[in-house]
Amino acid sequence: SSANFGYLSSFNNNGVTYTAGSSNNDQYNQNTVTYVQWNWNAGGSTVTNTNGSISSQVRANPTAGVSVVTYTGTGAAATVGHGLGVAPKMIINKIRNSGGTYDWYVYHASLGATSVIYLNLTLAAGSGSGVWGSTAPTSTVFSIQNSSGGTNVNAGTYVSYCFAEIAGFSKFGSYTGNGSADGTFVYTGFRPKYVMIKRYSAVEDWYIWDSSRNTANPETAALYPNQSLAESTGYTFGDFLSNGFKNTNTGTATNASGSTYIYMAFAENPFAQANAR
């Protein structure tokens, strides 16, 4: 029974509360099992946003460049307000009420609005013209197309996690692998706390490394957003440096020669405290 599983029962001003489940497969709070959670402050209140052709409910923190958006699809090309004040660099979108199966749709500025990639799949980036309407997000809205069940099926309820880039705190970009143990260096302007990488030119898993689970270089403790696997130390990624990260692995996951990758990164110690600009 699902009642045997623990669950997240509340968001608090200093963390979250989990209930205790009785199942040996408890996903949140099983005795002696280790867990990780990544947290973003998306502001303290939810407001109705009417900047788009579809009204949305938005909880936004422009200082951190993070907003959580919910809306109901119309089945017709539309725009949705995101509340960040600058164009988001990355959007992770999921339908909530469909009886069918839809993937996690991802917009990334390095791929552009004519491409889409899927957080729950290993696929390379595909055509996103029927997802984002081939229109890049603006400082107020992002676009969704009528032909996409993943972003705009009629009466579908959606959640969108939107991220803007904040100097000294977050970075969203792409790089090309060189296949060398003296691998590609990626400049972020800060020492990363969290990095997620996806090879978008070919089939490959998504990978996440963070300095809470792996407290010293090299970064070896990988998790896979598209899989249910436990943490793996079988792929040494590389090093988190004072101003970016550097590949030291020649593998296809992060550094195949000529392959292209997207990433999102957040700082260990954020430098910037000013609003996005």
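Refer to the structure printed above.
So, how was this worked out
- Residues numbered from 1 in each chain as written.
- Predicted model: local features only at pLDDT ≥ 70, side-chain atom pairs only at ≥ 80, totals over all residues.
- Heavy atoms only, no water.
- Helix = DSSP H or I, 4+ residues; strand = E, 2+ residues; numbered from the N terminus.
- Buried < 20%, exposed > 50% of the residue type's maximum accessible area, 1.4 Å probe, protein only.
- Contact = heavy atoms within 4.5 Å.
- Salt bridge = Lys/Arg side-chain N within 4 Å of Asp/Glu carboxyl O.
- Core = buried A, V, L, I, M, F, W, Y, C linked by side-chain atoms within 4.5 Å.
- Polar contact = N/O pair within 3.5 Å; in protein donor to acceptor, adjacent residues only side chain to side chain.
- Pairing = 2+ DSSP bridges.
- Axes fitted to C-alpha atoms, helices over the stretch in contact; angles between N-to-C directions.

**Q** Got a minute to help me understand the environment of leucine 84 in this structure?
**A** Secondary-structure assignment places leucine 84 in the loop between strand 6 (78–81) and strand 7 (90–95). A relative accessible area of 4% places leucine 84 in the buried class. As a C-alpha pair, leucine 84 and proline 62 span 22 residues in sequence and 4.9 Å in three-dimensional space. Beyond its immediate stretch of four places on either side in the chain, leucine 84 contacts Pro62, Gly65, Val66, Ser67, Cys162, Phe163 and Ala164.

**Q** Can you walk me through unusual backbone geometry in this structure?
**A** Look at the link from asparagine 217 to proline 218: it is a cis peptide, with omega at 0°. Within the fold, proline 218 resides in the loop between strand 16 (206–210) and strand 17 (238–241). With a phi close to 55°, serine 134 is a non-glycine residue in the positive phi region. Taking relative accessible area as the criterion, serine 134 reaches 40% and is therefore assigned partly exposed. The backbone phi angle of alanine 155 is positive, close to 70°, even though this residue is not glycine.

**Q** How do you make sense of the pattern of salt bridges when you look at a structure like this?
**A** Opposite charge on two side chains lets them pair, provided their charged atoms get close. Inspection of the entire model under this criterion finds 6 salt bridges. Across the pair aspartate 182 and lysine 246 runs a salt bridge, and its minimum N-O distance is 2.9 Å. Taken together, the positions of aspartate 182 in the loop between strand 13 (170–176) and strand 14 (185–187) and lysine 246 in strand 18 (residues 244–247) put the pair 64 residues apart, joining distant regions of the chain. We note a salt bridge from glutamate 231 to arginine 213, for which the minimum N-O separation is 2.7 Å. Residue glutamate 231 is found in the loop between strand 16 and strand 17, and its partner arginine 213 is found in the loop between strand 16 and strand 17; the two are separated by 18 residues along the sequence. A single salt-bridge network, built from bridges that share partners, covers Asp210, Arg213 and Glu231.

**Q** Any chance you could explain the nonpolar core here in plain terms?
**A** Generally speaking, nonpolar side chains in soluble globular proteins are found buried as a group. Membership of the largest hydrophobic core comes to 22 residues, with the highest contact counts inside it found for Tyr71, Val80, Trp132, Phe142 and Ile144. Counting only elements with at least two residues in this core, the list comes to strand 5 (66–72), strand 6, strand 7, strand 8 (105–108), strand 9 (115–118), strand 11 (141–144) and strand 12 (157–163). Once residues within four sequence positions are removed from consideration, valine 80 is found in contact with Gly52, Ile54, Ser56, Val69, Tyr71, Thr140, Val141, Phe142 and Ile144. Among the nonpolar cores identified, the runner-up in size contains 21 residues, and Ala64, Met196, Tyr200 and Ile262 belong to it.

**Q** What's the story with the side chain of serine 211 in this structure? I'm lost.
**A** Among the secondary structure elements, serine 211 is positioned in the loop between strand 16 and strand 17. Among the polar contacts listed, one links the side chain of serine 211 to the side chain of glutamate 268, at a separation of 2.6 Å. For serine 211, the contacting residues outside a window of four places in its chain are Pro192, Lys193, Glu219, Phe240 and Glu268.

**Q** Just to check I follow, could you spell out the sheet that holds strand 5 for this structure?
**A** Strand pairing in a sheet is mediated by backbone hydrogen bonds. Such pairs are either parallel or antiparallel. Taken together, the 8 strands give an open sheet; going across it, the order is 3-4-5-12-7-8-9-10, and neighbouring strands pair in antiparallel fashion. Where the open sheet ends on each side, the last strands, each with one partner, are strand 3 (47–49) and strand 10 (126–127). Strand direction decides the pairing type here: strand 4 (residues 56–61) and strand 5, joined by 5 bridges, are antiparallel. By the bridge assignment for strand 5, glutamine 57 is matched with threonine 70.

**Q** Looking at this structure, I do not really get the pairing of strand 12. What am I missing?
**A** By the criterion of burial, strand 12 is predominantly enclosed, with 5 of the 7 residues buried. Summarising the sheet, strand 5 and strand 12 pair through 7 bridges and their orientation is antiparallel. When the bridges of strand 12 are listed, valine 68 appears paired with tyrosine 161. For strand 7 and strand 12, the ladder comprises 6 bridges, and the chain directions are antiparallel. Among the inter-strand pairings, isoleucine 92 is bridged to a residue of strand 12, identified as tyrosine 161.

**Q** It is not clear to me how the side chain of threonine 260 should be interpreted in this structure. Could you clarify?
**A** Tracing the sequence through the fold places threonine 260 in strand 19 (residues 260–267). When its relative accessible area of 17% is taken as the criterion, threonine 260 is described as buried. Excluding residues within four positions of it along the chain, threonine 260 makes contact with Tyr175, Thr176, Lys198, Arg199, Tyr200 and Ser201.

**Q** Teacher, can you tell me more about the sheet that holds strand 14 here?
**A** Sheet architecture is open: 3 strands sit in the order 14-18-17, paired in antiparallel fashion. Two strands in the sheet have a free side with no partner beyond their single neighbour: strand 14 and strand 17. Averaged over all pairs of adjacent strands, the angle between their axes in this sheet comes to 15°, without regard to strand direction. With 4 bridges joining them, strand 17 and strand 18 adopt antiparallel strand pairing. Residue pairing across strands places leucine 241 opposite glycine 244, the latter belonging to strand 18.

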